[in-house]
Structure formats: C-alpha cells, structure tokens
Amino acid sequence: MARRKYVVGNWKMNGLSDAVAEAGAIFGAAKDYPAVDVALCPPFTLIGALVAAAPGSAVGGQDCHAAPSGAYTGSVSAPMLADAGATLTIVGHSERREGFGESDADVKAKAEAALAAGLSVILCVGEPRAIRESGGAIDHVLVQVRGSLPDAFDPTRLAIAYEPIWAIGTGLIPTVEDVAAMHGSIRAALSERIGAGAQVLRLLYGGSVNGDNAAELLGAGDVDGALVGGASLTAAKFLPIVAAGAGLP
Ligand code: PEP
C-alpha cells in the first residue's frame, strides 16, 4: 500500500518569536512538494503564532499531559494544544521518557488523550546505545510499541517514530539495513495487533537526519518519513529533507 511521505520537524526548546518567519518560509516552500506531508512542532509558546502565519499548515505540540485540565503546574493538555490550533502532537520522545521518567503507560495515556482531543499523534520509541550493542534493540522497541499504543486508534491518525537514542543529535545513524529491520519488525508487530491497519500507519525514522542522508534513510524499507530535530530549525536545512521525501516512490 502506498503511504504518503511525512516529514516532521521537532524544534524542541528552540525558537523565539523571530523564528515564526522561518516556519513561514518552510511551510511556503513545502507547497512545492505536494506529495509530502510536512509538519512543524515548535515550543508551545509559538504554536499560535505559527498557525496564524501559515493557516492550514500542520503545527503540533511536542508533548501533552494525559489529563484535559487540572492542577498540573507547567503542563499543557491536549485540548489546549487543539485550542491553540495544533493538529498533532509528539508523545513519548526519548527526551521525555529519559529526562522526565515517562513510562510506556504514561505515553499510552498521553496518546489516548491527544486522540480524544482530535489531534494526530507521533509516538516515539527507540533504544539506548547499550541495548543496540547488546543485540536487543528490536525486542526493546517492540516492548515500547506494545506498551505505548492506545487500546484502539485510527491508524491514519497515529504515526510511530523510531528514534534510536544514540542517534539523536549525535551525527550517528544506524545502517539502512538496521533501520529496515526495525521498521519491518514494528510493522509486523502492528499487523498482529491491528491487522490491515498496519499497512496504513506511517513509520518515521528519527535521529541525525539531514539533507545528505535523508534520501538513503527515507528510502529504507518500511520508512514513510522522518522526525527531524536540529535540521528542522531552518528552511535551508529542512527543505532538502522534504525534497528527499518527494523524490521517493
Ligand atoms: C529528535 O530529537 O527527534 C531528533 C530526531 O533530533 P535530531 O534530528 O537533532 O537528531
């Protein structure tokens, strides 16, 4: 089944109001690649400004709380993201799992909250370096997938991003064979769980994707796009990745 390519930028904790123009440049140029779905996930503070600058473009959060509202100082809920104009959110990024102690159950609750609020979800999984080196990467990631997926979901509204932790922000990348093996294993596990919907759900690769390696990584088996950190901050670095997605069948 043909799945549309999906290239998503995660700005992490980067960007002040002067970054809105960069997002406008990215979304403007992305129209030249209609075969690719492009989204940007800025800090919460910039969501409204990006939505205003590029109406109709896909703007998302980087996380959400599992509760719709309440006494959770500093947190942002999924309905709040939707209210600000977001149409998607990332959940389960390794910087949340590791830095904030989020478990698979926490990630599952967040994904369910996001879907309930009408958002699409990018659910992140990935192994640390020691587990990759011990040969346990696929088993580790499949435990995360099984534990983090909502009980029921529309596979057109949920993507899984495989992001090996050791590849994030390091310039290191797995081999194309390793990426294809991981994505194939995730898709097989999804088939067991949701049947034919597994052929619809998009699997993204994330970790040090740039304009030089994007075609190779996005061309690996069962890779439907990329989740991009550092190289998503400027149009000059991000658009070559979008272009690579457009050049692939
Ligand atoms: C990320 O953190 O989601 C990511 C992929 O970062 P980078 O592209 O900078 O490795």
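Whatever comes next refers back to the structure up there.
Now for a look at the structure at hand. Please read all numbers here as calculations on a predicted model, not as lab measurements.

A closer look at the site of the ligand
In the vicinity of the ligand, 14 residues are found, and the nearest of them are Lys12, His93, Glu163, Gly169 and Ser208. The separation between an oxygen atom of the ligand and a polar main-chain atom of Gly169 is 2.7 Å. Taking Gly230, its main chain carries an N or O atom lying 2.9 Å from an oxygen atom of the ligand. Contact with the protein chains covers 95% of the free accessible surface of the ligand, which is 300 Å². Of the residues contributing to the shell around the ligand, the split by class is 4 nonpolar, 8 polar and 2 charged.

Some thoughts on the packing of helix α5 (residues 104-116) against helix α7 (residues 137-148)
Helix-helix packing is characterised by the crossing angle of the two axes and by the distance between the axes. Interaxial distance between α5 and α7 falls to 8 Å at its minimum, and their mutual angle equals 45°. Looking at the two axes, α5 sits oblique to α7. Seen from above, α5 lies across α7 with right-handed handedness. On α7, the residues that touch Asp104, Ala105, Val107, Lys108 and Ala111 of α5 are Val143, Gln144, Gly147 and Ser148. Here the contact of α5 with α7 is built from residues that sort into 4 nonpolar, 3 polar and 2 charged.

What to know about the pattern of salt bridges
It is possible for side chains of opposite charge to pair when their charged atoms get near one another. Scanning the entire structure with this criterion turns up 15 salt bridges. When the shortest N-O distance is used, the salt bridge between Arg3 and Asp222 registers 3.6 Å. On the criterion of sequence distance, the pair formed by Arg3 in the segment before β1 (5-10) and Asp222 in the loop between α9 (214-218) and β8 (225-228) is long-range, its members being 219 residues apart. For Asp222, a relative accessible area of 28% gives the class partly exposed. Salt-bridge contacts for Arg187 lead to Asp224; the nearest nitrogen and oxygen are separated by 2.8 Å. Note that Arg187 is positioned in helix α8 (residues 176-194) and Asp224 in the loop between α9 and β8, a separation of 37 residues in sequence.

Remarks on helix α2 (residues 44-53)
The complete set of buried residues in α2 reads Leu46, Ile47 and Leu50. Take α2 and look down its axis: the buried residues cluster within an arc of 125°, on one side only. Turned more than 90 degrees away from the buried face of α2, the exposed residues are Thr45 and Ala52. As for α2, its buried residues are in contact with α1 (20-30), β2 (36-41), β3 (58-61) and α3 (78-83).

So, the pairing of β2
Here β2 lies mainly inside the structure; 5 of its 6 residues are buried. Two elements, β1 and β2, share 6 bridges in a ladder whose sense is parallel. Pairing of Lys5 across the sheet is with Val36, part of β2. For the crossover from β1 across α1 to β2, the handedness is right-handed.

Examining unusual backbone geometry
One non-glycine residue, Lys12, lies in the positive phi region at around 50°. Considering the arrangement of structural elements, one finds Lys12 in the loop between β1 and α1. Of the residues examined, Lys12 reaches a relative accessible area of 21% and is grouped as partly exposed.

The rules behind these values
Residues numbered from 1 in each chain as written. Predicted model: local features only at pLDDT ≥ 70, side-chain atom pairs only at ≥ 80, totals over all residues. Heavy atoms only, no water. Near = heavy atom within 4 Å. Polar contact = N/O pair within 3.5 Å; in protein donor to acceptor, adjacent residues only side chain to side chain. Areas by Shrake-Rupley, 256 points an atom, 1.4 Å probe, with all protein chains shown as cover. Nonpolar A, V, L, I, M, F, W, Y, C, P; charged D, E, K, R; others polar. Axes fitted to C-alpha atoms, helices over the stretch in contact; angles between N-to-C directions. Helix = DSSP H or I, 4+ residues; strand = E, 2+ residues; numbered from the N terminus. Parallel < 35°, antiparallel > 145°, perpendicular 65-115°, else oblique. Left-handed = near helix turned anticlockwise from the far one by under 90°. Contact = heavy atoms within 4.5 Å. Salt bridge = Lys/Arg side-chain N within 4 Å of Asp/Glu carboxyl O. Buried < 20%, exposed > 50% of the residue type's maximum accessible area, 1.4 Å probe, protein only. Arc of directions from axis to C-beta. Pairing = 2+ DSSP bridges. Right-handed = clockwise from strand over helix to strand, strands pointing away.

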